[in-house]
Amino acid sequence: MTTTRVLLMGAGFMGKMHGNVYRSLPNAQLIGVVERQVERAQAYTNEFGVPAFSTLAEAQSHVDFDAVDICLPTHLHKEATIEALLAGKDVLCEKPMALSLADADEMIRVSHESGRRLMIAHCIRFWPEYAKLKELKDSGELGDLLSLNLTRYSQFPYWSSDNWLANELLSGGGVLDMHIHDTDFALYLCGEPDEMKSSGTVDEKGASHVFTTFRFGKTIVHAEGGWNLSSNAPFKMSFRAVFERGTVIWDASPFTIYRPDSAPEVVEFAQVEAEGGGNISSLGGYFVTIREFIDRLQDGKPFVVSTVESSRRSVQTVLEEIAQIKSS
Ligand SMILES: NC(=O)c1ccc[n+]([C@@H]2O[C@H](COP(=O)([O-])OP(=O)(O)OC[C@H]3O[C@@H](n4cnc5c(N)ncnc54)[C@H](O)[C@@H]3O)[C@@H](O)[C@H]2O)c1
């Protein structure tokens, strides 16, 4: 079996999440981490057993690797992606792709010119429940999709290094950082919107809560997202899809398909077991995202589920949502 050797950049919240996935992937090996904070680097080395470096260049002079997994703060995505591509490495970069369209365009251009591959880790496209919803829509099994409600909210993510998430210039604010998951999924599911109307709230950290209504032909999608709930409020994501011949609800209860003439069907999703036991089902969508990146590098087939062009389009749409919120 081929093994893809991966260097990870950013030993924070997502860096650990991705590190756990590499432990469970049989055809990938985490070979090192780039982290600028000494204590975090040491903690990552202790937890994952890989050497830590302070820059990509330093890592290159000590270890061989094929791909770079970027879990750095969003304002560093462009610079790190381009450096890795120019070093001849394929790149998986966390979402959102970039803070601006100009940055996203540069990332795409360098990927093309360098001949190295770039995928943005839009994990919701791979999340089992959302992937099942896409399958139900595409198959036409329940008829046309009439309406979809997507929800994602939490308290402010307090964990980020140097509190970078609180700085809109570095993170893009809650709408770009968090709600982009649902905008991205809506576009992935339904294509190009005919209309989009957003309103929301703004605070010192940027656009903090959004309500957007999209119209895709006859389908109406409403997406709500925010990160300014009370500090003891939980993170939640959910959806409700109304089709011509059935309704799919996924919220606090299991994924259930309601058809008019039969008992509700509860859909079970496979759990991913971590190496050495232990249920890592909470890693489900992250696991499938990274597995897709590694598998496509190895079989040479294109990234179909998450293309850089579609990731750029999601950034563009969210930037328009933010502009509408701020101008209303
Ligand atoms: N897919 C998802 O569900 C999801 C969830 C959370 C965050 N994210 C995204 O993941 C990315 C990282 O977010 P996070 O929450 O892990 O942030 P974080 O602050 O927890 O981690 C970032 C890490 O990068 C390190 N770092 C910063 N600058 C560096 C540099 N120049 N060189 C080396 N290391 C450096 C920091 O010290 C920190 O350890 C962001 O783009 C965020 O939007 C995605």
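The sections below set out a description of the structure shown in this document.

Criteria and thresholds
Residues numbered from 1 in each chain as written. Predicted model: local features only at pLDDT ≥ 70, side-chain atom pairs only at ≥ 80, totals over all residues. Near = placed C-beta within 6 Å. Helix = DSSP H or I, 4+ residues; strand = E, 2+ residues; numbered from the N terminus. Nonpolar A, V, L, I, M, F, W, Y, C, P; charged D, E, K, R; others polar. Domains from an automatic or database assignment. Expected span 1.5 Å × (residues − 1). Buried ≥ 20, exposed ≤ 12 C-beta atoms within 10 Å, placed from the backbone. Arc of directions from axis to C-beta. Contact = placed C-beta atoms within 7 Å. Axes fitted to C-alpha atoms, helices over the stretch in contact; angles between N-to-C directions. Parallel < 35°, antiparallel > 145°, perpendicular 65-115°, else oblique. Pairing = 2+ DSSP bridges. Left-handed = near helix turned anticlockwise from the far one by under 90°.

## Quick notes on the site of the ligand
- Lining the immediate environment of the ligand, one finds 26 residues, of which Gly10, Gly12, Met14, Glu94 and Ser161 sit closest.
- Ranked by residues supplied to the shell around the ligand, first place goes to helix H1 (residues 13-24) with three residues.
- Tallied by class, residues from the shell around the ligand come to 13 nonpolar, seven polar and six charged.
- A domain-level breakdown of the shell around the ligand finds at least three residues from each of domain 1 (4-122) and domain 2 (124-327).

## Considering helix H7 (residues 128-139)
- With 12 residues, H7 extends 16 Å from end C-alpha to end C-alpha; this agrees with the ideal 16 Å at 1.5 Å per step.
- For H7, the set of buried residues is Tyr130, Leu133 and Lys137. Seen along its axis, H7 keeps its buried residues to an arc of 55°; they face one direction. Exposed residues lying more than 90 degrees from the buried face of H7 are Glu135, Asp138 and Ser139.
- Where H7 is buried, its residues meet helix H6 (123-126), strand S7 (145-155), helix H9 (173-190), strand S11 (236-243) and strand S12 (246-250).
- A positive phi of about 75° marks glycine 140, the residue just after H7.

## Observations regarding the packing of helix H5 (residues 101-114) against helix H11 (residues 308-327)
- It is at 10 Å that the axes of H5 and H11 come closest, and there the two elements cross at 175°. Relative to H11, the element H5 lies roughly antiparallel. Contacts between H5 and H11 involve Leu101, Ala104, Ile108 and Ser111 on the former and, on the latter, Val308, Arg312, Val315 and Gln316.
- For the contact of H5 with H11, the class distribution of residues is five nonpolar, two polar and one charged.

## Things to note about the sheet that holds S12
- The strand order across the open sheet built from eight strands is S8-S9-S10-S7-S11-S12-S13-S14, with neighbouring strands paired in mixed fashion. Edge positions in the sheet fall to strand S8 (195-203) and strand S14 (265-266), since each of these pairs with one other strand and no more.
- Looking at chain direction, S7 and S11 are connected through eight bridges and run antiparallel. Each bridged residue has a counterpart across the sheet, and for serine 147 the counterpart in S11 is valine 242.
- Where H7 meets the sheet, its contacts fall on S7, S11 and S12, and the angle it forms with S12 comes to roughly 170°.
- The sheet contacts of H9 involve S7, S8, strand S9 (206-216) and strand S10 (219-229), and relative to S10 the element is tilted by about 160°.

## Quick look at the pairing of S10
- Note that S7 and S10 share eight bridges and pair parallel. Note that in S10 the partner of arginine 152 across the bridge is glycine 225.
- The pairing of S9 with S10 spans eight bridges and is antiparallel. Each bridged residue has a counterpart across the sheet, and for threonine 212 the counterpart in S10 is alanine 223.

## A short note on the environment of threonine 256
- With respect to the helices, strands and loops of the structure, threonine 256 is situated in strand S13 (residues 256-258).
- Along the sequence, threonine 256 and valine 305 sit 49 residues apart, while their C-alpha atoms lie 24 Å from each other.
- Setting aside its immediate chain neighbours within four residues, threonine 256 contacts Ile249, Pro264, Glu265 and Val266.

## As for the pairing of strand S6 (residues 118-121)
- Where burial is concerned, the two faces of S6 agree: the one with Leu118 and Ile120 and the one with Met119 and Ala121 are both buried.
- Bridge count between strand S5 (residues 90-94) and S6: four bridges; the pairing is parallel. Pairing of leucine 92 across the sheet is with methionine 119, part of S6.

## A closer look at the packing of H1 against helix H10 (residues 284-299)
- Contact pair H1 / H10: the axes reach a minimum separation of 9 Å and the direction vectors enclose 65°. The angle between H1 and H10 falls in the class roughly perpendicular. Considering the relative orientation of H1 and H10, their crossing is right-handed. Residues Met17, His18, Val21 and Ser24 of H1 pack against Tyr286, Phe287 and Ile290 of H10.

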